[in-house]
Amino acid sequence: MTLILKNAIILDVKKQQKIQRSIVIDSDGNIQHVFSSNEIATYLDHSTETKVMDCEGYYISPGLINAHAHLFASGKPLNKKVNPTFLKLGYKLLSTKIGNFCVKNIMKRNALIELQNGVTTLRSLGEFFYQDVSLRDEFIQKRKVAPTLLVAGFFLSTTDGHGAPYLALEGDSPWEGRKNVRKNIKKGVDWIKICVTGGVTDAKKLGEA
């Protein structure tokens, strides 16, 4: 089916102005034509089913890409340090089936919030217990309206390095590194994230990771 979105508002970022246009999208989801709304008769394809959607007052923009996401978190800053004992207990609870279920639901909610804000692709840079892999596969298999996920599972670090031991697989030699890469590949990740320097959460002073 061909889809025509008519009377939509598009932002011309070069001219820094709003323009009203209509857009033809083919059955594969590709944009074929962008034209003035009064030319719509030219682009009506009578050989195939064509749906016309009036987008008067609505904006159309390309899908955004979030290149650095952790879906287990909302993105809100933590004002207090987490007690290490509480952190260990929380991690044990998250590692259970119920914990995994809760983590995945939180991640799903955060992914859909991003989608509602125009983000159609998310690059996940480290999640708990490969629930990002599970969520990616669920979105694909169930064909849900959801962002495309590119997932890393656990990231790779050194002993006591950034994210260790909760979000990272620890390794202190090339062979341990290779072994951890194989673990991630076996779980079905899209790519490998390596953390060998400090991250934002390791900072001792504000702005000095």
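In case you missed it, the structure is sitting above this.
Residues numbered from 1 in each chain as written. Predicted model: local features only at pLDDT ≥ 70, side-chain atom pairs only at ≥ 80, totals over all residues. Heavy atoms only, no water.

Trainee: Account for the side chain of Asn100, naming residues and giving values.
Mentor: Positionally, Asn100 belongs in helix H3 (residues 97–116). Residues in contact with Asn100, not counting those within four places in the same chain, are Leu94, Ser95, Phe129 and Gln131. (Helix = DSSP H or I, 4+ residues; strand = E, 2+ residues; numbered from the N terminus. Contact = heavy atoms within 4.5 Å.)

Trainee: Account for the packing of H3 against helix H4 (residues 131–141), naming residues and giving values.
Mentor: The interhelical angle for the contact between H3 and H4, taken along N-to-C directions, is 60 degrees, at an axis separation of 10 Å. On the basis of the axis angle, H3 is oblique to H4. The two elements H3 and H4 cross, and the hand of that crossing is right-handed. Contacts between H3 and H4 pair Asn100, Val103, Lys104, Met107, Lys108 and Ala111 from the former with Gln131, Asp132, Ser134, Leu135, Glu138 and Phe139 from the latter. Looking at the contact of H3 with H4 residue by residue, the class counts come to five nonpolar, three polar and four charged. (Axes fitted to C-alpha atoms, helices over the stretch in contact; angles between N-to-C directions. Parallel < 35°, antiparallel > 145°, perpendicular 65-115°, else oblique. Left-handed = near helix turned anticlockwise from the far one by under 90°. Nonpolar A, V, L, I, M, F, W, Y, C, P; charged D, E, K, R; others polar.)

Trainee: Explain unusual backbone geometry residue by residue, including any values.
Mentor: Along the chain, Ala164 connects to Pro165 via a cis peptide bond; the corresponding omega equals 0 degrees. By secondary structure assignment, the location of Pro165 is in the loop between strand E9 (155–157) and strand E10 (168–170). One non-glycine residue with positive phi stands out, namely Gln16, at about 55 degrees. Residue placement: Gln16 occurs in the loop between strand E1 (2–12) and strand E2 (17–25).

Trainee: I'd like to hear about the layout of surface pockets, residue by residue, with values.
Mentor: Considering only enclosed or pocket space, the second largest pocket measures out at about 440 Å³ in volume. Surrounding the second largest pocket, 15 residues form its lining, Leu5, Ile31, Ile60, Ser61 and Pro62 being those nearest its centre. Going through the elements one at a time, E1, E2, strand E3 (31–35) and strand E5 (59–60) are the ones with two or more residues in the lining of the second largest pocket. At three residues, E1 tops the list of elements feeding residues into the lining of the second largest pocket. Residue composition of the lining of the second largest pocket, by class: 11 nonpolar, four polar and no charged. (1 Å grid on protein atoms, 1.4 Å probe; cavity = no way out; pocket = protein on both sides within 12 Å on 5 of 7 lines; lining within 4 Å. Points joined across faces, edges and corners; volume = space filled by probe spheres on them.)

Trainee: Mind laying out the environment of Lys144, listing which residues take part and the relevant values?
Mentor: Among the structural elements, Lys144 can be located in the loop between H4 and strand E8 (148–150). Put simply, Lys144 and Asp26 are 118 residues apart on the chain and 20 Å apart in space, counted from C-alpha to C-alpha. Those residues within four positions of Lys144 in sequence are excluded, and the remaining contacts are Lys108, Glu138 and Phe139.

Trainee: Outline the pairing of E1, supporting the account with residue identities and numerical values.
Mentor: The two faces of a sheet get side chains in turn, since along a regular strand they alternate between them. Of the strand pairs in this sheet, E1 and strand E4 (residues 50–54) are connected by five bridges, and their pairing is parallel. Residue Thr2 lies in a different strand from E4, and its bridge partner there is Thr50. As judged from the eight bridges shared by E1 and E2, these two strands associate in the antiparallel manner. For Leu5, the partnering residue across the bridge sits in E2 and is Ile23. The loop that links E1 with its antiparallel partner E2 comprises four residues; one of these, Gln16, has a positive phi angle of about 55 degrees. In this structure, E1 lies alongside E5, joined through two bridges in parallel fashion. If you follow Ile9 over to E5, its bridge partner there is Tyr59. (Pairing = 2+ DSSP bridges.)

Trainee: Tell me about a nonpolar patch on the surface, and name the residues and values.
Mentor: A cluster of nonpolar side chains, namely Leu11, Val13 and Tyr59, defines an oily patch on the protein surface of about 350 Å² accessible area. Among the secondary structure elements, Tyr59 is positioned in strand E5. (Patch = residues over 30% accessible without salt bridge, like charges linked within 9 Å, V, L, I, M, F, W, Y side chains within 5 Å. Areas by Shrake-Rupley, 256 points an atom, 1.4 Å probe, with all protein chains shown as cover. Salt bridge = Lys/Arg side-chain N within 4 Å of Asp/Glu carboxyl O.)

Trainee: Talk me through H3; I want residue IDs and the actual numbers.
Mentor: With 20 residues, H3 should cover 28 Å at 1.5 Å per step; its first-to-last C-alpha distance of 29 Å lies within 8% of that length. Against helix H2 (84–94), strand E7 (119–124) and H4 lie the buried residues of H3. Gly118 sits one or two positions beyond H3 and adopts a positive phi of about 95 degrees. (Expected span 1.5 Å × (residues − 1).)

Trainee: Could you give me a rundown of the packing of aromatic side chains, with the residues and numbers involved?
Mentor: As enumerated under the stated definition, the model contains seven aromatic pairs in all. By way of ring pairs, the aromatic residues Phe72, Tyr91, Phe128, Phe129, Tyr130, Phe154 and Tyr166 are connected into one cluster. Residue placement shows Arg123 over the ring face of Trp191; its charged tip is 5.3 Å from the ring centre. In this arrangement the basic side chain of Arg178 is found over the ring face of Trp175, its NZ or CZ atom lying 4.5 Å from the centre. (Phe/Tyr/Trp six-rings, centres within 6.5 Å; stacked < 30°, edge-to-face > 60°. Lys NZ or Arg CZ within 6 Å of the ring centre and 35° of its normal.)

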